[in-house]
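Residue-level listing of the chains:
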Amino acid sequence: MSKVQTPPGLAADSFVRVRGAREHNLRDVNVDIPRDKVVVFTGVSGSGKSSLAFGTLYAEAQRRYLESVSPYARRLFQQMPVPEVDSVDGLPPAIALQQQRGGSSGRSSVGSITTLSNLLRMLYSRAGTYPAGLERLEAEAFSPNTPMGACKTCHGLGRILDVTETSMVPDDSLSIRNRAVASWPTAWQGQNLRDILITMGVDVDCPWRDLPRKTRDWILYTDETPAVPVYPGLTHEEVQEAIGQKKEPGYNGTFTGARRYILQTFARSQSATMRKRAESFMTAAECPECHGQRLNADALRVTFGGLNIAQLTAFPLEEIAIKLSDSAKSYQNESGSAKIIAAQRIVADMSARIGVLLHLGLGYLQMDRGVQTLSPGEYQRLRLGTQIYSNLFGVVYVLDEPSSGLHPADTEALLEALSKLKAAGNSLFLVEHNLDIIRQAEWIVDVGPMAGEAGGEVLYSGPPDGLRNVAASRTRTYLFSPQSLPHRTPQTPTGWLKLNGIYRNNLNDLSVSFPLGVFTSVTGVSGSGKSSLVSQVLTTVVAQALGQSLPDTEDGDGDTLSSLTPAGSPRGRIISGLNEVHRLVVIDQKPIGRTPRSNLATYTGLFDTIRKIFARTKLARERKYDAGWFSFNIAKGRCPHCEGAGSVMVELLFLPGVYAPCPVCHGSRYKPEVLEVTYRGKSIADVLAMNVEEAAAFFADDPAPSAALLTLMKGGLGHLRLGQPATELSGGEAQRIKLATELQKQRRGHTLYVLDEPTTGLHPLDVDRLMDHLQELVDSGNTVIAAEHDMRLVARGDWVIDMGPGAGSRGGHVVAAGTPSDVAATAGSMTAPFLQKYIT
Ligand code: ADP
Ligand code: ADP
Ligand code: ZN
Ligand code: ZN
């Protein structure tokens, strides 16, 4: 038990007092945390920061809130666990601004979650310039998502999706037998369609372009679905003969036209891969009616400051702010008609709201940008910026690493936004690793000393300076002696991968040279184009050139229209260097899966090894249970009710569905008889419930699983449970799992590793471990390229490519490229001054 003292000078009643917190790994924690202050929770990954900030404080606030709502509404939130804690006093209502776990859902956009879209519609409705004869329109009439507002031709989509002969038959010199109709299904189903055409008398061996127009059109566009007898392997003449002789056909086949097949697959297929494939044969043409503006003709005729609402929305927020204030100025001298007053009010409100977002470094975003295309950090800052205008006070905001995705130049603005929320009378609890932010905290709660069972204690709770004397703290070293890193001489590249003609988002005919055989960081303010360059262009063109398909990390129901967005597909040419690279491995923050069915154990392959161990036990052999019985993805041994998911999806009225524990197996995922099989006293479900650290101890004598488990521990993942559903992992954790899985594979040849902000969610201590990992990769002859903000890591690398100078249209250039010390000395680089601090 930790001792608690109320520091002198602070009234006891201005504290949140936690007694006996035991959530997850917390060890009966007692701690007093001040209200109305910026409080930062620190500690290594897995030490228990989130268990205290989110699992205890936020969960308790939520529980109390739910007690005040109707029993019906409360039922909807049943999945919120009640925290293990004796008492929490002085706790205000809490709002969590967490990073999205497992990807966001829904179709919200920047405009909708900031309420800016609503305000803009109101502005056009009340204060727009209407052409003569047009009645005043309601605000909804300016939304493409309402029947009233949507363009009648494209239903508000802005595009018309369709197929053409060229899109379905890319090479018309091929015959049908040689798969001229590329869009047809492959394998058996495709052969079936071909055999049907043989029965029908179509020449399947003649080049497509030589078939009669009528035949081609029918095959491509017909909606008829005739059923005909199929005699596999016979020619048309032989088929005729067989039918004449009333021979039994192989089967009866039903024909589907190529277009019908694609549209149906695109609209109805359960499989994301199938939908993606179908999409690749479609063309998206701009809607001829609205020209991509998505609104009906009347709405588009209304203007403000000379622009219609679609034209204005297409600008980044920073430009919208300028255009709005210019138009407001033009009103200044006019007398106060109702219309002018409405315009001034709405413009003032919008400008203030946009101002906050600009300040948080989000001015480059467009209102129609889909939330699912934002990084988790951008999303969280957007919500933070929106909260500043919610006029709430007396609330605790609990934030999860708000600095993630943020360049050091932008952290100042973040701190200001936080202090605005505080000044409005709120408390701020942040879980954070960024040393610049921790230094600015008014209060630190340091949890540790290490992860899991070796953590869970509050080592310190007080003003930052006092942490200096706490010997057990792993945070203290980094906070008070930042130059603790040894000097490192950059290694010389073994070659160069040169690209030019790069286009994507704000990159416009860019040329970049990436050094090979070394570790390169790509830096720049957020929105400068780092991910466009690294995660989008580099990965795409290298994968294409190597003939590799990009691991499209189970994008589930992600937007299948992605490749049809105005951003277009990433483009760039490789001029040289590719012959040295044998393989591309992309390690990003995309979830490793979107259902509770994929988890740490399945993803890393650990689960296969462990299932084999269970199949070798005496009882399993007696009962003839093979490894398949211990899989929750195979019918044999899994719980039939939830089909091994352990949870069931509960559909909620008006709200997104949630997963709740399966009522039959209570989340164990297995049939009771499978759970009777134990290895050293533990069932397969018990093993899945262990965290990596516990499992490493448990399997210490089994070489195969323990090697994999040790790699995961080295990656700072000791605190994750083996069965932890992919949906509960943060983006940073998902990325580290991918990294650890890669490191386990012994690979020959030169691999190019591409990472996206690998330090997200990592305490500086864990960053040190990560550096060792990356160094190992480089030492064994590979190349590592990472978009990164952590200057400690950047300074230790071999090469830096600094993007910028600003964000959005003010970025997209290479500002500096060279060794860390070269870039640190480059005038005009926003990164240089921050990097300089870590150059030794
Ligand atoms: P931090 O936020 O410091 O990275 P956490 O609070 O997330 O750490 O985790 C602390 C400990 O609690 C770890 O050992 C972790 O395995 C455990 N833990 C986290 N979430 C859960 C959960 N949902 N169920 C059981 N244990 C958990
Ligand atoms: P960084 O990685 O440096 O933060 P990005 O490459 O994500 O920057 O963004 C560069 C620019 O491209 C920004 O103006 C951003 O708004 C824009 N952008 C990024 N992704 C998309 C997208 N999916 N659709 C439209 N614009 C995008
Ligand atoms: Zn249209
Ligand atoms: Zn079940």
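In the annotation of an unreviewed UniProt entry, the protein chain is listed under the name UvrABC system protein A and assigned to Acetobacter oeni. Regarding the protein chain, the relevant UniProt record gives this comment under Sequence similarities (unreviewed entry): "Belongs to the ABC transporter superfamily. UvrA family." A UniProt comment under Subcellular location (unreviewed entry) is attached to the protein chain, and it reads "Cytoplasm".

### Things to note about helix α27 (residues 731-744)
With 14 residues, α27 should cover 20 Å at 1.5 Å per step; its first-to-last C-alpha distance of 20 Å lies within 8% of that length. Within α27, 11 of the 14 residues are buried, leaving the element largely enclosed by the surrounding structure. Along α27, the residues classified as buried are Gly731, Gly732, Glu733, Ala734, Gln735, Arg736, Ile737, Lys738, Leu739, Ala740 and Thr741. Tucked inside the fold, the buried residues of α27 contact α15 (376-387), β20 (583-587), α20 (600-604), α26 (703-714) and α28 (764-779).

### Observations concerning the site of ligand 1
As a structural note, the neighbourhood of ligand 1 is formed by 16 residues, with His24, Ser50, Ser51, Gly452 and His719 the closest of them. Top contributing element to the shell around ligand 1 by residue count: helix α1 (residues 49-67), with three residues. Residue composition of the shell around ligand 1, grouped by class: three nonpolar, 12 polar and one charged.

### Details of the sheet that holds strand β17 (residues 507-516)
The strand order across the open sheet formed by three strands is β17-β16-β19, and the pairing between neighbours is antiparallel. Taken across any chain shown, the strands that pair with only one partner, and hence form the sheet edges, are β17 and β19 (571-576). Here the average twist between neighbouring strands, direction ignored, is 20°. The sheet contact formed by strand β16 (residues 495-504) and β17 spans eight bridges and is antiparallel.

### Some details on the site of ligand 2
As a matter of local geometry, ligand 2 sits amid 18 residues, with Asn505, Lys530, Ser531, Ser532 and Gly808 nearest to it. For the shell around ligand 2, the residue count by class is four nonpolar, 12 polar and two charged.

### Some thoughts on the confidence of the model for the protein chain
Confidence in the prediction of the protein chain, expressed as mean pLDDT, is 87, and 91% of residues score 70 or more. Under a pLDDT of 50 for its full length, residues 1-6 has, in the predicted model, 13 contacts with residues more than four places off or in other chains. Below pLDDT 50 for its whole length, residues 552-567 participates in 21 contacts with residues either more than four positions away or in separate chains. In the model output, the complex is listed with pTM 0.80 alongside ipTM 0.94.

### What to know about the environment of Asn434
Among the secondary structure elements, Asn434 is positioned in the loop between β13 (427-431) and α17 (435-440). In this structure the C-alpha to C-alpha distance between Asn434 and Gly761, which are 327 residues apart in sequence, comes to 9.4 Å. Contact partners of Asn434, with chain neighbours within four places excluded, come to Ser403 and Thr411.

### Here's the deal with unusual backbone geometry
For residues that are not glycine, phi is negative in most cases, and the peptide bond is trans in most cases. Here the bond from Gly448 into Pro449 is cis, since omega is 5°, no more than 30 degrees from zero. The residue Pro449 is located in the loop between β14 (443-448) and β15 (457-462) in this model. Note the cis peptide between Gly804 and Pro805, where omega equals 0°. Here Pro805 is to be found in the loop between β27 (799-804) and β28 (813-818). Its identity is not glycine, yet His155 carries a phi of approximately 55°, on the positive side.

### Let's talk about the nonpolar core
Judged by nonpolar contacts, the single largest core of 90 residues is most densely connected at Phe41, Ala53, Leu57, Val398 and Phe429. For Phe41, the contacting residues outside a window of four places in its chain are Lys49, Leu52, Ala53, Phe429, Leu430, Val431, Val445 and Val447. Core analysis: the second largest hydrophobic core is formed by 89 residues, Ala645, Ala734, Ile785 and Phe834 among them.

### A few points about the domain arrangement of the protein chain
In terms of domains, the protein chain is made up of domain 1 (12-103 + 373-480), domain 2 (110-158 + 288-359), domain 3 (161-286), domain 4 (495-555 + 564-591 + 747-836) and domain 5 (607-703). Averaged C-alpha coordinates put domain 4 and domain 5 at centres separated by 39 Å.

### A word on the packing of helix α9 (residues 258-268) against helix α10 (residues 272-280)
It is at 8 Å that the axes of α9 and α10 come closest, and there the two elements cross at 140°. For the element pair α9 / α10, the angle class is oblique. Handedness of the crossing formed by α9 with α10: left-handed. Contact residues: Ile262, Thr265 and Phe266 in α9; Met274, Arg275, Ala278 and Glu279 in α10. When the residues that make up the contact of α9 with α10 are grouped by side-chain class, the tally is four nonpolar, one polar and two charged.

### A look at the environment of Asn308
Along the polypeptide, Asn308 turns up in strand β11 (residues 307-308). Here the alpha-carbon distance between Asn308 and Gln372, two residues 64 residues apart in the chain, equals 26 Å. Ignoring any residue separated from it by four or fewer positions in sequence, one finds Asn308 in contact with Leu300, Val302 and Thr303.

### Overview of the sheet that holds strand β12 (residues 396-400)
Hydrogen bonds between backbone groups are what pair the strands of a sheet, and the pairing can be parallel or antiparallel. The strand order across the open sheet built from six strands is β5-β12-β13-β3-β14-β15, with neighbouring strands paired in mixed fashion. The two strands at the open ends of the sheet, each matched to only one other strand, are β5 (94-97) and β15. Averaged over all adjacent pairs, the angle separating strand axes in this sheet is 15°, with direction ignored. Across five bridges, β12 lies against β13 in parallel orientation.

### Some thoughts on the environment of Arg22
Within the element layout of this structure, Arg22 appears in the loop between β1 (15-21) and β2 (29-34). The spatial distance from the C-alpha of Arg22 to the C-alpha of Asp86 is 8.6 Å, given a sequence separation of 64 residues. Setting aside residues no more than four positions away along its own chain, Arg22 makes contact with Asp28, Glu84 and Val85.

Procedures and definitions
In this convention, every chain numbers its residues from 1, walking through the sequence in written order. As they are written, the chains are lettered A onward and the ligands numbered 1 onward, keeping that order. Local features in a predicted model are, by the rule used here, given only for residues with pLDDT of at least 70; side-chain atom pairs are given and counted only at 80 or more, and totals for whole chains, interfaces and linings are based on all residues. UniProt positions are given in the numbering used here, feature names are shortened, and annotations may be inferred rather than shown by experiment. To qualify as a helix, a DSSP run of H or I must reach at least 4 residues; to qualify as a strand, a run of E must reach at least 2; elements of each kind are numbered from the N terminus. To estimate how far a helix should reach, multiply one less than its number of residues by 1.5 Å. Remark: C-beta atoms are placed from the backbone, and a residue is labelled buried if 20 or more other C-beta atoms sit within 10 Å of its own, exposed if 12 or fewer do, or partly exposed between those counts. Contact between two residues is assigned whenever their backbone-derived C-beta positions fall within 7 Å. Placing a C-beta atom from the backbone of each residue, we mark the residue near a molecule or strand if the atom is within 6 Å of it. Here the term charged refers only to Asp, Glu, Lys and Arg, the term nonpolar to Ala, Val, Leu, Ile, Met, Phe, Trp, Tyr, Cys and Pro, and the term polar to all other amino acids, Gly among them. We call two strands paired when DSSP finds no fewer than two bridges between them. Simply put, an axis is a line fit to the C-alpha atoms, just over the touching stretch for a helix, and the angle between two N-to-C directions goes from 0 to 180 degrees. Along the chain, pLDDT gives the predictor's confidence residue by residue, from 0 to 100. Put simply, a nonpolar core is buried Ala, Val, Leu, Ile, Met, Phe, Trp, Tyr and Cys residues tied into one set by C-beta atoms within 7 Å. The domain limits used here are those given by an automatic or database domain assignment. Put simply, angles under 35 degrees are roughly parallel, angles over 145 are roughly antiparallel, angles from 65 to 115 are roughly perpendicular, and the rest are oblique. Each crossing is labelled by how the near helix is turned from the far one, with a counterclockwise turn of less than a right angle marking it left-handed and a clockwise turn marking it right-handed.

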